[in-house]
Amino acid sequence: MVLQTPDPGLKDSRKLDCWIDSFVTATEYLGTPAIWRKWCAYTAVSAALQRKVWTVIRGRQLYPNLYTILVGNPGSGKTTAIREARLVLLKLPSIHVSPSMVTKEKLINLMSKANTVEIADGGMSNHVSYNVLADEFAVFLRPGDQQFAFVLTDLFDCPPVFEYETITRGKDRIENVFLNILGGITPATLSSVIGSEAIGMGFTARLFFIYADNDGKTDPFTAEKVIDHADLARDLEVIHHLKGAFSFSPEGIQFVRDWFNGGMEPVPADSRFAEYNPRRLTHWIKLASIRSASRSNSMKIEVEDLAKAKTDLLEAETFMPKALESVGSNPLHEAIRGATR
């Protein structure tokens, strides 16, 4: 159990204008695709926020956890991007990170022991905020393990109580769950871990598949460079101390209504996104809340946060069919390829 109280010595001022954008810029020399570094930054901010912040959508609390999978060919820099985010994130000692190789039973057992008690404004609250940073996602979720996928599906929605019972271990009970996942995988391996039979079971609707080809042309001698993580770590600690509900500016509310009522176009047309598409609003709001926390301590979601989150969402969706190219048929990708011939 970890007791967390606001640090009275932590100043409200920040060193960086935007944590996400600053992380992407600071790690440019690594030569990994910017889109991967951006989503690693999203994950790091989400991990720092934990289950201490939320937005209210459709009358329920929405927490900013993400399930993000970087998809690309071997040697393209997925591991490099994930490890750089881990380096900064682990400078916060109260962040819980899972081993990469665990069974579902072990993961739940570890989470049940990771309770954090918050003390603020004379009151106490608790949560279990946990992170998986798996360089090789196939080591974490092994091919054919649908039961583990079902467990991860349940945990994604941050239930107030999660119970899991086995014959040998007995019952594990977790209150106020928050699970955040970032992993890397190749397209070929993805097809074995998440086969076509898994499409439509709910798990894939909660995943962001971030595909990229590594076409970076970085001078190989920049490997001698060492990033100064001081400002990134300091601002991430400031973000870590945010608590409570995000509000929307009046302009932000109108921005959400306008895009939502307009159908949130363009909508992914691939049939495998049939379960993902209804969740796009909640995915978008999660990203916007993370963008807000990345930029400011105001806990207010402004139009600029929503606009950047929208751009990032649409960018990811543009390449998601490519990530799933090896998983069954892909009519959208075929249509695109046919149109460019």
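Please read all numbers here as calculations on a predicted model, not as lab measurements. (Residues numbered from 1 in each chain as written. Predicted model: local features only at pLDDT ≥ 70, side-chain atom pairs only at ≥ 80, totals over all residues. Heavy atoms only, no water.)

### Let's talk about unusual backbone geometry
Moving on, step 1. Cis geometry marks the peptide bond from E265 to P266, where omega comes out at 0°.
Moving on, step 2. By secondary structure assignment, the location of P266 is in the loop between helix 9 (250–261) and helix 10 (280–295).
Moving on, step 3. In this structure, C158 is a non-glycine residue whose phi angle is positive, near 50°.
Moving on, step 4. Looking at the element boundaries, C158 is found in the loop between helix 6 (146–156) and strand 8 (161–166).
Moving on, step 5. Judged by relative accessible area, C158 falls into the buried class, the value being 4%.
Moving on, step 6. Positive phi is not limited to glycine here, since M299 has a value of about 60°.
Moving on, step 7. By secondary structure assignment, the location of M299 is in the loop between helix 10 and strand 14 (300–301).
Moving on, step 8. Judged by its relative accessible area of 10%, M299 is buried. (Helix = DSSP H or I, 4+ residues; strand = E, 2+ residues; numbered from the N terminus. Buried < 20%, exposed > 50% of the residue type's maximum accessible area, 1.4 Å probe, protein only.)

### Topic: the packing of aromatic side chains
Moving on, step 1. Counting across every chain of the model gives 12 aromatic pairs.
Moving on, step 2. Connected via pairs of aromatic rings, a cluster forms that spans W39, Y42, F208, F273 and Y276.
Moving on, step 3. Positioned above the aromatic ring of Y63, the side-chain terminus of R51 is 4.2 Å from the ring centre. (Phe/Tyr/Trp six-rings, centres within 6.5 Å; stacked < 30°, edge-to-face > 60°. Lys NZ or Arg CZ within 6 Å of the ring centre and 35° of its normal.)

### Digging into the pairing of strand 11 (residues 207–211)
Moving on, step 1. Most of strand 11 is tucked away: five of the five residues are buried.
Moving on, step 2. Residues of strand 11 alternate between two faces, with L207, F209 and Y211 on one and F208 and I210 on the opposite face, all of them buried.

### Regarding helix 1 (residues 19–26)
Residue pairs three or four apart in sequence face the same way in an α-helix, which turns once every 3.6 residues.
Moving on, step 1. Residues of helix 1 that are buried: W19, I20, S22, F23 and V24.
Moving on, step 2. Its buried side turned inward, helix 1 meets helix 2 (34–49), helix 3 (78–89), helix 8 (230–240) and helix 10. (Contact = heavy atoms within 4.5 Å.)

### Things to note about the pattern of salt bridges
Moving on, step 1. Summed over all chains, the structure comprises 18 salt bridges.
Moving on, step 2. For K38, the salt bridge goes to E315, with nearest N and O atoms at 2.8 Å. Here K38 is found in helix 2, whereas its partner E315 is found in helix 11 (residues 303–323), with 277 residues between them in sequence.
Moving on, step 3. Taking relative accessible area as the criterion, K38 reaches 15% and is therefore assigned buried.
Moving on, step 4. A salt bridge links R206 to D157, with the shortest nitrogen-to-oxygen separation between them at 3.3 Å. Residue R206 is located in the loop between helix 7 (187–193) and strand 11, and its partner D157 is located in the loop between helix 6 and strand 8; the two are separated by 49 residues in the primary sequence.
Moving on, step 5. Taking relative accessible area as the criterion, R206 reaches 11% and is therefore assigned buried.
Moving on, step 6. Salt bridges here are not isolated pairs; linked through shared partners, they connect D21, K38, R291, K308, D312 and E315. (Salt bridge = Lys/Arg side-chain N within 4 Å of Asp/Glu carboxyl O.)

### A look at empty space enclosed by the protein
Moving on, step 1. By the definition in use, this model includes two cavities of 30 Å³ or more.
Moving on, step 2. Approximately 60 Å³ is the volume attributed to the second largest cavity.
Moving on, step 3. Lining the second largest cavity are R60, Q61, L62, Y63, N65, F156, D157, C158, R279 and K286.
Moving on, step 4. Element by element, the count of residues in the lining of the second largest cavity is highest for strand 3 (residues 60–62), at three residues.
Moving on, step 5. Classifying every residue of the lining of the second largest cavity gives four nonpolar, two polar and four charged. (1 Å grid on protein atoms, 1.4 Å probe; cavity = no way out; pocket = protein on both sides within 12 Å on 5 of 7 lines; lining within 4 Å. Points joined across faces, edges and corners; volume = space filled by probe spheres on them. Nonpolar A, V, L, I, M, F, W, Y, C, P; charged D, E, K, R; others polar.)

### Describing the sheet that holds strand 2 (residues 53–57)
Moving on, step 1. One open sheet holds the three strands; their spatial order is 3-2-12, and the pairing between them is mixed. Only two strands of the sheet have a single partner each, and these edge strands are strand 3 and strand 12 (244–245).
Moving on, step 2. Relative to strand 3, strand 2 runs antiparallel, the two sharing three bridges. Counted as the bridge partner of V56 is Q61 from strand 3. (Pairing = 2+ DSSP bridges.)

### Remarks on the packing of helix 9 against helix 11
How two helices pack is summed up by the angle between their axes together with the distance between the axes.
Moving on, step 1. Two elements in contact, helix 9 and helix 11, have axes whose closest approach is 8 Å; the angle formed by their N-to-C orientations is 30°. Taken together, helix 9 and helix 11 sit at an angle that is classed as roughly parallel. On helix 11, the residues touching E251, G252, F255, V256 and W259 of helix 9 are V303, L306, A307, K310, L313 and L314.
Moving on, step 2. Of the residues contributing to the contact of helix 9 with helix 11, the split by class is eight nonpolar, one polar and two charged. (Axes fitted to C-alpha atoms, helices over the stretch in contact; angles between N-to-C directions. Parallel < 35°, antiparallel > 145°, perpendicular 65-115°, else oblique.)

### Some words on the nonpolar core
Moving on, step 1. Among the nonpolar cores identified, the biggest contains 97 residues, and W19, F140, F209 and W284 are the most heavily contacted of them.
Moving on, step 2. Looking at which element gives the most residues to this core, the answer is helix 2, with 11 residues. (Core = buried A, V, L, I, M, F, W, Y, C linked by side-chain atoms within 4.5 Å.)

### What about the confidence of the model for the protein?
Moving on, step 1. In this model, the protein carries an average pLDDT of 86, and 84% of its residues clear a pLDDT of 70 or more.
Moving on, step 2. Counted against residues more than four places away or in other chains, residues 329–341, with its pLDDT under 50, gives 15 contacts. (pLDDT = per-residue confidence, 0-100.)

### A word on the packing of helix 4 (residues 104–112) against helix 6
Moving on, step 1. Interaxial distance between helix 4 and helix 6 falls to 10 Å at its minimum, and their mutual angle equals 30°. Classed by the angle they form, the pair helix 4 and helix 6 counts as roughly parallel. Where helix 4 approaches helix 6, its residues K104, L107, I108 and M111 are matched on the opposing element by Q147, F148, V151, L152 and L155.
Moving on, step 2. Across the contact of helix 4 with helix 6, the residue classes tally to seven nonpolar, one polar and one charged.

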